[in-house]
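Tertiary structure, described
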Amino acid sequence: MILNFCVYENWISKSPFNRVRNLKVQNKGFNFLNRSEISRLLNANRDNQPVYALLLIALNTGLRSGEICGLCWDAIDFDTGLIHIKRSMSKYGLNDRTKTNQIRFIPMNSTLKSYFNKIRRNKTHEVFIIVDKNGKPFDPSHISNRLFKKARELAEVKNVRFHDLRHTYASHFMMNNGNVYELQKILGHTKIDMTQKYAHLSPGHLIKAVNTVQFSATSENEFPDSFQSRLKVVK
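Residues numbered from 1 in each chain as written. Predicted model: local features only at pLDDT ≥ 70, side-chain atom pairs only at ≥ 80, totals over all residues. Heavy atoms only, no water.

1. A word on the overall build of the protein
A tally of regular secondary structure across the protein gives 10 helices and 5 strands. Per-residue burial over the protein gives 38% buried out of 235 residues. Summarising the internal contacts of the protein: among those between residues at least 6 apart in sequence, 57% fall at separations of at least 24. Counting only carbon and sulfur atoms, one obtains 51% of the accessible surface of the protein, whose full area is about 16100 Å². (Helix = DSSP H or I, 4+ residues; strand = E, 2+ residues; numbered from the N terminus. Buried < 20%, exposed > 50% of the residue type's maximum accessible area, 1.4 Å probe, protein only. Contact = heavy atoms within 4.5 Å. Areas by Shrake-Rupley, 256 points an atom, 1.4 Å probe, with all protein chains shown as cover.)

2. Considering the side chain of Arg 166
One can find Arg 166 in helix α7 (residues 164–175). For the buried residue Arg 166, which engages in no salt bridge, the nearest side chain bearing the opposite charge is Glu 67, 4.6 Å off. A distance of 2.6 Å separates the side chain of Arg 166 from the backbone oxygen of Gly 62, its partner in a polar contact. (Lys, Arg positive; Asp, Glu negative; His and termini not counted. Salt bridge = Lys/Arg side-chain N within 4 Å of Asp/Glu carboxyl O. Polar contact = N/O pair within 3.5 Å; in protein donor to acceptor, adjacent residues only side chain to side chain.)

3. A short note on the pattern of salt bridges
For side chains bearing opposite charge, pairing can occur when the charged atoms are close. Counted by the stated rule, this structure contains 6 salt bridges. Notably, a salt bridge pairs Glu 37 with Lys 158, separated by 3.8 Å at the nearest N-O pair. You can see Glu 37 sitting in helix α2 (residues 35–44) and its partner Lys 158 sitting in the loop between α6 (140–155) and α7, a full 121 residues away along the chain. The exposure class of Lys 158 is partly exposed, given its relative accessible area of 37%. Asp 164 is the salt-bridge partner of Arg 161, the closest N and O atoms lying 3.0 Å from each other. With relative accessibility at 45%, the residue Arg 161 sits in the partly exposed group. Each of Arg 64, Glu 67 and Arg 104 takes part in salt bridges that share partners, so that together they form one network.

4. Focus: α2
All of the buried residues along α2 are Glu 37, Ile 38, Leu 41 and Leu 42. All buried residues of α2 lie within an arc of 125° about the axis, which places them on one face of the element. Capping of α2 at its N-terminal end is provided by Asn 34; its side-chain oxygen lies 3.1 Å from the backbone amide nitrogen of Ser 36. (Arc of directions from axis to C-beta.)

5. Digging into the environment of Ala 44
Residue placement: Ala 44 occurs in helix α2. Assessed through its relative accessible area of 31%, Ala 44 is described here as partly exposed. Through-space distance from the C-alpha of Ala 44 to that of Glu 153 is 9.6 Å; in sequence the pair is 109 residues apart. Apart from residues no more than four positions distant in its own chain, Ala 44 is found in contact with Leu 154 and Ala 155.

Written out as structure tokens, the structure reads:
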């Protein structure tokens, strides 16, 4: 990219990497929690606010850590049951855009809608949904290494990252017969290839296709009459 930029600016005549092939990136897969581990994680941290809020939102929406930390009350539409994802928090502060610069809407399930209704009665901040004990929004870079590590150890679940809760949501979405194209919109992936890695977890995605093509030895009498008539024309 640097050398291509230099070519564009006419600083060099051509890039020496023009004929170099891109390296193939190995798909290393991803980690996600099973139902038992999810239950242990939530129950062990149930009284540990605001960590419980971070876990609950992540597991029920698949949002990125920056999107969760940047959630404001004006993004929650209780009438339509949708969360308006239009901001993201970073170590530099709140950004009025997401990682992919896309605005999207996430449906709230009954668990999350009930939880938001419960905590808005006793807001700890007028703008942000989740804040620390000092009343300040969280820095996403601190969640995985600090808060989530303690929460995970308390629940005695395997060593996963906070970002793996996003994988957990996506995996269980597909395992419960979710649609990969709907998941793409929820996760905010710009390309379907990014979402396709979860498709194999759908219990029906191969079963539906198994009878699409099938062959066997048959006699002419086994074909339907309409097909027999077409065979005679061909002959």
